[in-house]
Amino acid sequence: MKKSVFLSALTVAGLAAGSAMAQDGGSPTLAAVKEHGALKCGVNTGTPGFAAPDANGVWKGFDIDFCRAVASAIFGDPEAVEYTPLSSAVRFTALSSGEIDVLARNTTWTFTRDVDLKNTFVGVNYYDGQGFMVPKDLGVSSAKELSGATVCIETGTTTELNLADYFRVNGMEYEPVPVDSFTEAQTQFLAGACDVYTTDASALASSRSSFENPEGYVVLPEIISKEPLGPLVRHGDSAWGDIVRWTLNAMVSAEELGVTSANAAEMAKGTDNPEINRLLGVEGELGAMLGLDNDWALNVITQVGNYGESFERNIGESTPIGLARGLNAQWTEGGLMYSPPFR
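Description of the structure in this document.

## What to know about the state of the cysteines
So, step 1. Going through the model one piece at a time under the given rule, you end up with two disulfides.
So, step 2. One disulfide in the model links C41 with C67; its S-S distance is 2.1 Å. The sign of the S-S torsion, about -65°, decides the handedness of the disulfide formed by C41 and C67: left-handed. In this pair, C41 is assigned in strand β1 (residues 39–44) and C67 in helix α3 (residues 62–75), connecting sequence segments 26 residues apart.
So, step 3. Relative accessible area serves as the criterion here: at 0%, C41 is assigned to the buried category.
So, step 4. Shown here is the disulfide that connects C152 with C194, its sulfur atoms set 2.0 Å apart. Handedness here is read from the sign of the S-S torsion; for C152 and C194, about -105°, the answer is left-handed. A residue pair is termed long-range when its members are at least 10 positions apart, and C152 in strand β9 (residues 149–154) and C194 in the loop between α7 (182–190) and β11 (196–200) qualify at 42 residues. This pair shows no difference in class: C152 is buried, exactly as C194 is.

Written out as structure tokens, the structure reads:
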């Protein structure tokens, strides 16, 4: 009798849990995020333009916008985010342990990070490559002139192996100066502890923009690696990965389709373009497939903006970071950015 009652209780509990997961698109992570009332997003400890707190302690940047976009998709509120600043060394542990729900921290998509570390990269939000920055008075115009240099390099990153490979292939030697964070790298470099600072070219531009005398430093022309940067989630909840992936796709598609934060609400009344209508929830039930409201993408675009709006606002050519779109332009403009279709 007792065993029967126990099994019945388990059955009821299982049905209740199954019902909750069904309402959340089958995603236990989504159910947990909703119960918590906010998205837990892992970000950089401070990279201007990408993720950094302002003078009032408010986090802003290109990666921060992505966290806000996921919160908009789930809650209709871009402020429903708790930010956890993470160093390179601990970022994957924080994700795998459940400390955070998504990592949006200029992280390169590689085989081992995807397969061996059991992460799921949901896409690329910035196509980058590793570069080198030196003081102008070092008198160097090419990375091939750096043999014998001391190099500040952040541990736990892809830049360590890239650096070793580049110098080996070119028959050069160097002395590494290991640092634990972006901030420490800047401090050591400016203090003269190393001749060279190497990391992703976007981060070099971010770093240089914050210097008191940016004109005194030069980013060398060589790009020595492919660094596809993107947000990621842990393995084991593919339905949650779908939500995060299609939030990024919604921002990219919106730019291509001409949907902006300024016109999305008007377009949501209906257009002649069926893909825009599906994106904005006018036609179809794409939101329900994700376990979200049908206006999830409309909320993302009106509250955060499309991909191009976020890029230009945070890191574009009119900002102190000053990055051109380059490879990150839409495919219709000669870049690599495009989303799978919303159908």
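## Points about the packing of aromatic side chains
So, step 1. Tallied over the full model, the rule gives 19 aromatic pairs.
So, step 2. Ring centres of F50 and F62 lie 6.0 Å apart, and the angle between their planes is 85°; this geometry places the pair in the edge-to-face category. With F50 in the loop between β1 and β2 (52–53) and F62 in helix α3, this pair connects stretches of sequence that are twelve residues apart.
So, step 3. We classify F50 as buried; its relative accessible area is 3%.
So, step 4. Of the residues examined, F62 reaches a relative accessible area of 4% and is grouped as buried.
So, step 5. Pairing F211 with Y217 gives two aromatic rings, centres 5.0 Å apart and planes at 70°, and the pair type is edge-to-face.
So, step 6. Look at F211 and you get buried, because its relative accessible area is 6%.
So, step 7. Residue classification places Y217 among the buried positions, given a relative accessible area of 18%.
So, step 8. Among the aromatic side chains, those forming a connected cluster through ring pairs are F50, F62, Y126, Y307 and F311.

## Quick look at the sheet that holds β11
So, step 1. Reading across from one edge, β10-β9-β11-β8-β12 is the order of the five strands in this open sheet, with mixed pairing throughout. Strands with a single pairing partner mark the edges of an open sheet, and in this sheet they are β10 (174–179) and β12 (217–219). Averaged over neighbouring strand pairs, the angle between their axes works out to 30° when direction is ignored.
So, step 2. When β9 meets β11, the two strands line up parallel, connected through two bridges. If you follow V151 over to β11, its bridge partner there is V196.
So, step 3. Strand contacts of helix α6 (residues 158–169): β8 (130–135), β9, β10 and β11, with the helix running at about 80° to β8, the strand carrying the most contacts.
So, step 4. Against the sheet, helix α8 (residues 201–209) touches β8, β11 and β12, its axis set at about 125° to β11.

## Notes on the pairing of β9
So, step 1. Within β9, six of the six residues are buried, which leaves it mostly tucked inside the rest of the structure.
So, step 2. Of the two faces of β9, the one lined by A149, V151 and I153 and the one lined by T150, C152 and E154 are each fully buried.
So, step 3. What joins β9 to β10 is α6, and the crossover it makes is right-handed.

## Digging into the environment of G42
So, step 1. Along the chain, G42 turns up in strand β1.
So, step 2. For G42, a relative accessible area of 0% puts it in the buried group.
So, step 3. Along the primary structure G42 and A104 are separated by 62 residues, whereas in three dimensions their C-alpha atoms are 5.9 Å apart.
So, step 4. The residues contacting G42, other than those within four sequence positions of it, are T84, L86, I100, V102, L103, A104 and R105.

The rules behind each value
Position numbers for residues start from 1 in each chain and track the written sequence from start to end. Residue-level local features of this predicted model are given only where pLDDT is at least 70; pairs of side-chain atoms are given and counted only at 80 or more, and the full residue set underlies all totals for whole chains, interfaces and linings. In computing side-chain values, all of the structure's heavy atoms are included and hydrogens and water are not. Disulfides are defined as pairs of cysteine sulfur atoms found within 2.5 Å of each other. Numbering of helices and strands runs from the N terminus, with a helix taken as a DSSP run of H or I at least four residues long and a strand as a DSSP run of E at least two residues long. Between buried and exposed lies partly exposed: a residue is buried under 20% and exposed over 50% of the maximum accessible area for its type, with that area taken using a 1.4 Å probe on protein chains only. In this analysis, rings of Phe, Tyr and Trp, with Trp reduced to its six-membered ring, are considered paired at centre separations within 6.5 Å, and the interplanar angle assigns stacked below 30 degrees, edge-to-face beyond 60, and tilted for intermediate values. One requirement defines pairing of two strands: DSSP has to find at least two bridges between them. Axes, fitted as lines to C-alpha atoms, cover a helix only where it is in contact. Angles between the N-to-C directions of the axes lie from 0 to 180 degrees. Whether two residues are in contact is decided by their heavy atoms, any of which lying within 4.5 Å being enough. Classification remark: right-handed applies to a crossover when, strands pointing away from the viewer, the course from the first strand over the helix to the second runs clockwise.

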